[in-house]
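Chain residues, written in single-letter form:
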Amino acid sequence: MLMAGLLASAEHGLNRVLRMDSTALPRLAALEGKVIEIDCRQPAMQVFILPDEQGLMLASAWEGEVDCRLRAPAASLAHLALSRDKTAVLHSPQVQLHGDTAALLDLFGILQDLELDWEHELQKWLGPVPTSLIAGHIRLRTRWTRQGLARLSQSLSEYLAEESRTLVGKREAEAAFSELDAMKVDTERLEARILRLSRSLDSSDNA
Amino acid sequence: MNDQRKGDHAEPTTHFGYQDVPESQKARKVAEVFHSVAAKYDLMNDVLSGGMHRLWKRFTIELSGVRSGNRVLDIAGGTGDLAAKFARLVGPTGHVVLADINESMLKVGRDRLLDRGVAGNIEFVQADAEKLPFPDNHFDCVTIAFGLRNVTHKEDAIRSMLRVLKPGGRLLVLEFSKPTNKLMSKAYDAYSFAFMPLAGKLITNDSESYRYLAESIRMHPDQETLKAMMVQAGFDRVTYHNMTSGIVAVHRGIKP
């Protein structure tokens, strides 16, 4: 019953989030009738996902047929949920996949492409004017934070590379790699010349 | 097993809570109870079960294995909790029938589902569980949630459900049952006979209906008896799952 309660709460929250993206539910409608089983090995837990045009239904048990079964440890499942290149994760040895994999990939794609219209949701609760003010403020703060983080990252890398000399700078490293490449090519050329010379010496001795 | 059919001379009696009443009166008395509580049925369910009835119904749906395109009959469907979920699961190619003997409950259920946009693949039928007005071998799944204990002739109802199921179809009976833990049983008795009528009085101004609810639960067959009734009626692979220490059990049987 505890698991059923947790899944009911998760389903409720997930469906609210899905409703905030105008494209998610129509895309889920294409998966209606599919049953996807996620079988987590460590810790042992099973969740069945039934998508339809109203969102997702989650179940801890399902007596009917399953279209797609994904079996993996929790770490691989988390990696799969967050990774952009899902095919690479699905091919890893810890992951077992049976049945209609297209349904599973489509579902992950829908969840990954979510673009939440949080302003619309906030507007329903607070009204248009406060939402506009709050949204403008949040956007400004977000932009400021993003720019601040980018500047911090740039200053930190410059300090480590140029001032403290803890790390090698990017251009310095590129120059060193370029010299190494040139040296490698020169060495190969020299090796080929020596080989040719030794062959010509051998042929003159025989004559 | 709950029926006490007597000879030709006296009218047979049956249980109505702790009272013995003539069979002809039970349906009317049950109807009066549900007419009285229909408007606040959902609220009372949430208050009395602490919201647990949603999880019990959720587990029943998980056991149903209903798929897109299936035909489902929800008997004593009341305010349509199960029927709404089934309508989602069967999709536009499937069909759900919400049946209830009580006109008031059916009306509340129909209005509620239509208001929520549940339509197109659902039908509302006023029907007696003992004489289901559907063809033989018609449904993939039949459910009855918290309704069987109010039926006068339970064996007849179970046989009727068997008749309308397709071979391989599933019957799910979600009903109050007998707690498996003695301590829980005592606490549950105190809760049922003290709190439930009081809550009924405060919320619906009707304590008698909730006293009947507590009594009818005690008179309902326990897990093993109901299982035997389903086997006797002709169901195969009958199993049951206790929930919340056996306060509620869901029985499942397959039509051979």
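The residue count restarts for each chain, going from 1 along the sequence in the order it is written. Chains and ligands are labelled sequentially in the order written, the chains with letters from A and the ligands with numbers from 1. Given that the model is predicted, a residue must reach a pLDDT of at least 70 before its local features are reported, and side-chain atom pairs must reach 80 or more before they are shown or counted; all residues, however, enter totals for whole chains, interfaces and linings.

1. Remarks on the overall build of chain A
Threshold: Where helices and strands are cited, they refer to DSSP runs of H or I of at least four residues and of E of at least two residues respectively, numbered from the N terminus. Two things to know: the radius of gyration comes from C-alpha atoms, and the globule rule equals 2.2 Å times the number of residues to the power 0.38. Using C-beta atoms placed from the backbone, we call a residue buried if 20 or more other C-beta atoms fall within 10 Å of its own, exposed if 12 or fewer do, and partly exposed for counts in between. Throughout, a pair of residues is in contact if the C-beta atoms placed from their backbones lie within 7 Å.
Summing up its helical and strand segments, chain A has 8 helices and 5 strands in all. Ordered by position from N to C terminus, the α and β elements of chain A give α-α-β-β-β-β-α-α-β-α-α-α-α. The C-alpha radius of gyration computed for chain A amounts to 29 Å, which surpasses the reference 17 Å derived for 207 residues by more than 25%, pointing to a less compact arrangement than a globule. When the 207 residues of chain A are sorted by exposure, 13% land in the buried category. Here the contacts in chain A between residues at least 6 apart in sequence split such that 60% fall between residues at least 24 apart.

2. Some points on the UniProt feature "domain: SCP2" (unreviewed entry) in chain A
In plain terms, the rule: UniProt positions are given in the numbering used here, feature names are shortened, and annotations may be inferred rather than shown by experiment.
On the UniProt side, "domain: SCP2" (unreviewed entry) is annotated at positions that read residues 14-111 of chain A here. For residues 14-111 of chain A, the helix share is 38%, the strand share is 28%, and the end-to-end C-alpha distance is 10 Å.

3. A word on the domain arrangement of chain B
Residues and elements named next belong to chain B. This is how it is decided: Reported domain spans reflect what an automatic or database domain assignment gives.
We note that the domain assignment places domain 1 (3-35) and domain 2 (51-178 + 225-254) within chain B. Taking only C-alpha atoms into account, the centre of domain 1 sits 23 Å from that of domain 2. The partner domain 2 presents 6 residues to the 9 residues of domain 1 that form the contact. Broken down by element, the side of domain 1 that touches domain 2 gets its largest block of residues, 7 residues, from helix α1 (residues 23-37).

4. Examining the sheet that holds strand β8 (residues 165-176) of chain B
Residues and elements named next belong to chain B. Spelled out, the test is: Two strands are said to pair when DSSP picks up at least two bridges between them. Axis lines are fitted to C-alpha atoms, over the contacting stretch for helices. Their N-to-C directions set the angle, which ranges from 0 to 180 degrees.
Strand order across the open sheet formed by 7 strands is β6-β5-β4-β7-β8-β10-β9, with mixed pairing between neighbours. In the strand order of this sheet, the two ends are held by β6 (122-126) and β9 (236-243), each with one partner. When the angles between neighbouring strand axes are averaged without regard to direction, this sheet yields 15°. By the bridge criterion, 4 bridges tie strand β4 (residues 71-75) to strand β7 (residues 139-145) in an arrangement that is parallel. Opposite Val 72, over in β7, you have Cys 141 as the bridge partner. In this fold helix α3 (residues 52-64) packs onto β7, β8, β9 and β10 (248-254), with an angle of close to 165° to the strand it touches most, β8.

5. Remarks on the nonpolar core
Basically, it comes down to this: Take the buried Ala, Val, Leu, Ile, Met, Phe, Trp, Tyr and Cys residues, join any whose C-beta atoms are within 7 Å, and the set you get is a nonpolar core.
Core analysis: the biggest nonpolar cluster contains 88 residues, and Ala 83, Phe 86, Val 96 and Val 142 of chain B have the highest contact counts within it. The leading source of residues in this core is helix α4 (residues 81-90) of chain B, at 7 residues. In contact with Val 142 of chain B, not counting residues within four places along its chain, are Leu 73, Ile 75, Met 161, Val 164, Leu 165 and Leu 171 of chain B. In terms of nonpolar packing, the next biggest core, distinct from the first, is built from 5 residues, Leu 18, Ala 24, Leu 28 and Ile 110 of chain A among them.

6. Some remarks on the UniProt feature "binding site: S-adenosyl-L-methionine" (unreviewed entry) in chain B
Residues and elements named next belong to chain B. Under the present numbering, the feature "binding site: S-adenosyl-L-methionine" (unreviewed entry) in UniProt falls on Thr 79, Asp 100, Asp 128 and Ala 129. Within the element layout of this structure, Thr 79 appears in the loop between β4 and α4. Here Thr 79 is in contact with Tyr 41, Asp 42, Met 105, Val 108, Gly 109 and Arg 112, once residues within four sequence places are set aside. Positionally, Asp 128 belongs in the loop between β6 and β7. The exposure class of Asp 128 is partly exposed, given the 17 C-beta atoms found within 10 Å.

7. Digging into the domain arrangement of chain A
How big an interface is tends to be stated in terms of accessible area lost as the parts join. Each domain of chain A was delimited in the assignment, giving domain 1 (2-112), domain 2 (118-167) and domain 3 (174-207). Inter-centroid distance (C-alpha atoms) of domain 1 of chain A to domain 2 of chain A is 32 Å.

8. Here we look at the pairing of strand β1 (residues 36-40) of chain A
Residues and elements named next belong to chain A. Relative to strand β2 (residues 45-52), β1 runs antiparallel, the two sharing 5 bridges. Following the sheet pairing, Ile 38 is matched in β2 by Val 47. The antiparallel hairpin formed by β1 and β2 contains 4 residues in its connecting segment.

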